Each structure stands twice: as C-alpha cells, then as structure tokens.
Amino acid sequence: MREILGIDVGATGIKGALVNVKNGKLASEKFKIKTPAPATPEAIYQCIRMMADNFGWQGKPAGIGFPSIIKHGVSLTASNIDPSFIGYPIQEKFGEIFGGRLVVVNDADAAGYAEMTHGKGKNQKGVVLLITLGTGIGSAIFLDGKLLPNTELGQLLYKKSVFEKYATNSARELKHLSWKAWGKELNTFLNHVNLLFSPDLILIGGGVSKHFAQYEPFLKVNTRLETAQLLNEAGIIGAAMSAAKLQD
Ligand code: BGC
C-alpha cells in the first residue's frame, strides 16, 4: 500500500490525512487545524508543519490542494486567503517540510481529480464539471477524464461583482438567504456555465451538497446534475493523488 499525505487548505479549516493512493481511501484519521487569520504564507507554513509533525511525515511525499490559481507550484490569486499569497512559490517554500517532495494544485482541481477517479465521475466520458460550494466557488472541468486546470468559474462577473459573492454557501449564510432565494442565484450560475461548456454531467460538491434536496427544486439546468460522492474527503484524496508521481 502506498500512502501519501493529502492536505486540503480551506478558508476556514486545514484538513489532512494519509491516503492510500491506490484505492483512494483514507489510511488514517483526519487531522484538522483552524485556518489562522490572517492566513499569511508564514502562518499557513506553521500549520502545514504541524500537519507533517502529526503524521510523522517530514521528508515524505505530500500533496496540497490550495484555494487559488496554482501554476507550476506558485499561487497567482487570493480571493479567500491573504493577498500576500499572490505570486508566492508555495510548492518550493512549503516543500522544505517534505524534503522537496510536495505537489501543490488548486483545491477544486484536486477534489475533481478524486471524484473522477473514485467517485461519480469514474469512467465518465465527455465533459464533466465539478462545482464545489464552500466559502468560495471552486470549479474543475474534465474532458474524457483529463483536467483543464484552474478554471475559476466562481470569478465570472455577475451583478456588481462575481458569482462567488452570490451563489456560494457562505453568501447564503451571510445574507441569511432562503433555500429558494439562494437556489435561484445558484441556478443562474449553473445555467451560465452550462451555456459556456455544455457539460454532460455537473457534479455539486462541498458541504452544502448534503442539503441538495432543499434547493434542487429551484435548479433547472438542461443537463445531468448530481451531487458529488466523496464529499468532504475529495480535496484530501485528490491532493494526495496529485503527488502520486513523486518518489518515496
Ligand atoms: C478560489 C478558487 C477555489 C475556490 C474554492 C475561490 O475563492 O478563487 O481557487 O478553488 O475558492 O476554494
């Protein structure tokens, strides 16, 4: 069994676990740390070090899913984390903890990768779109199982801002929206992305997907729409899988 440490960095919490990358199952308990405020590179570095210490994983391979555009291990945006992450070489800097054996990818891409391999996207041909609804909106698009990274569909312009400010779960909570009012915003978003990419399947992930029955009546999208299967563990599993090519 090959184990890799998968870490999902979110706006509210940082979660990690050892993952059996052969079968995509967690091989340990999850370890959670509250995301520090401000979530600066220095503060997050300390959390990742705590994570490695918890699993005795210094110098061993790890993967991190991070909530921003990640190009070649560098974060390029910061919608829900500290702006000092813009242009920060996460993979290189945090990689020190893991003896240089770290892969950093976008968090939604990581979740999508897990879902396509071990969840509802398995063996699914054509275009599959995974949307994660949490503090932000994450997106991952696959064509015949191959990822187009960093799509950031939550940043599409909408009303006076971007869709992420209206259709994500944090917007629902912040504005105390009813399922109906929020469902309408989500419906507008889903129809917009459906028009752009004509996916064969849209999967909804993130914590709020477990309440799907509450807002499904307000979603009218002309394609297959389902909830993701791996729920909160997809980010951890996909992050570890992204690092599977690293040497032990
Ligand atoms: C970020 C994305 C991320 C999403 C989900 C958004 O605010 O821009 O990169 O995937 O949140 O965490």
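So, here is what we can say about the structure in this document. (Residues numbered from 1 in each chain as written. Predicted model: local features only at pLDDT ≥ 70, side-chain atom pairs only at ≥ 80, totals over all residues. Heavy atoms only, no water.)

Overview of the nonpolar core
Generally speaking, nonpolar side chains in soluble globular proteins are found buried as a group. In terms of nonpolar packing, the biggest core is built from 28 residues, with Ile48, Phe94 and Phe98 touching the most fellow members. For this core, the elements supplying multiple residues, two or more each, are strand S1 (3–9), strand S2 (13–20), helix H1 (41–55), strand S5 (62–66), helix H2 (90–94) and strand S8 (102–106). Broken down by element, the residue count for this core peaks at seven residues, all from H1. Dropping the residues within four chain positions of it, phenylalanine 98 is found in contact with Leu5, Ile7, Ile48, Ala52, Trp57, Gly59, Lys60 and Ala62. (Core = buried A, V, L, I, M, F, W, Y, C linked by side-chain atoms within 4.5 Å. Buried < 20%, exposed > 50% of the residue type's maximum accessible area, 1.4 Å probe, protein only. Helix = DSSP H or I, 4+ residues; strand = E, 2+ residues; numbered from the N terminus. Contact = heavy atoms within 4.5 Å.)

A short note on the sheet that holds strand S15 (residues 224–227)
Taking strand neighbours across the sheet as the criterion, the five strands line up as S11-S10-S9-S14-S15 in an open arrangement whose pairing is mixed. Because the sheet does not close on itself, it has two edges, and the strands there are strand S11 (146–148) and S15. Ignoring strand direction, the axes of neighbouring strands in this sheet form an average angle of 25 degrees. Where strand S14 (residues 201–205) lies against S15, four bridges are found, and the strand directions are parallel. (Pairing = 2+ DSSP bridges. Axes fitted to C-alpha atoms, helices over the stretch in contact; angles between N-to-C directions.)

As for the pattern of salt bridges
It is possible for side chains bearing opposite charge to pair when their charged atoms get close. Applying the stated criterion across every chain yields a total of six salt bridges. Lysine 15 is the partner of aspartate 8 in a salt bridge, and the nearest nitrogen-oxygen pair spans 4.0 Å. Taking the shortest distance from any N to any O, the salt bridge between glutamate 185 and lysine 159 comes out at 2.8 Å. Of this pair, glutamate 185 sits in helix H6 (residues 179–197) while lysine 159 sits in the loop between strand S12 (157–158) and strand S13 (161–162); the two residues are 26 residues apart in sequence, bridging distant segments of the chain. Judged by relative accessible area, which is 12%, glutamate 185 ranks as buried. Since its relative accessible area comes to 56%, lysine 159 is described here as exposed. (Salt bridge = Lys/Arg side-chain N within 4 Å of Asp/Glu carboxyl O.)

Some words on the site of the ligand
Around the ligand, 13 residues are found, and the nearest of them are Ser79, Asn80, Asp107, Glu152 and Glu164. Between the ligand and asparagine 106, the relevant distance is 3.0 Å, taken from an oxygen atom to a side-chain nitrogen or oxygen of the residue. Within the side chain of glutamate 164, a nitrogen or oxygen atom sits 2.8 Å from an oxygen atom of the ligand. Within the complex, the protein chains bury 93% of what would otherwise be the 310 Å² of accessible surface of the ligand. Of all the secondary-structure elements, those providing two or more residues to the shell around the ligand are helix H3 (107–118) and strand S10 (137–143). (Near = heavy atom within 4 Å. Polar contact = N/O pair within 3.5 Å; in protein donor to acceptor, adjacent residues only side chain to side chain. Areas by Shrake-Rupley, 256 points an atom, 1.4 Å probe, with all protein chains shown as cover.)

Examining the side chain of asparagine 194
One can find asparagine 194 in helix H6. Filtering out sequence-adjacent residues up to four positions away, asparagine 194 remains in contact with Pro199, Val221, Asn222 and Thr223.

Considerations on unusual backbone geometry
Cis peptide bonds are those with omega within 30 degrees of zero, and the linkage from alanine 37 to proline 38 qualifies with -5 degrees. Position of proline 38 relative to the elements: it lies in the loop between strand S4 (31–34) and H1. For histidine 72, which is not glycine, the phi torsion reads 50 degrees and is therefore positive. Tracing the sequence through the fold places histidine 72 in the loop between strand S6 (70–71) and strand S7 (74–75). For glutamate 152, which is not glycine, the phi torsion reads 50 degrees and is therefore positive. Along the chain, the position of glutamate 152 falls in the loop between S11 and S12.

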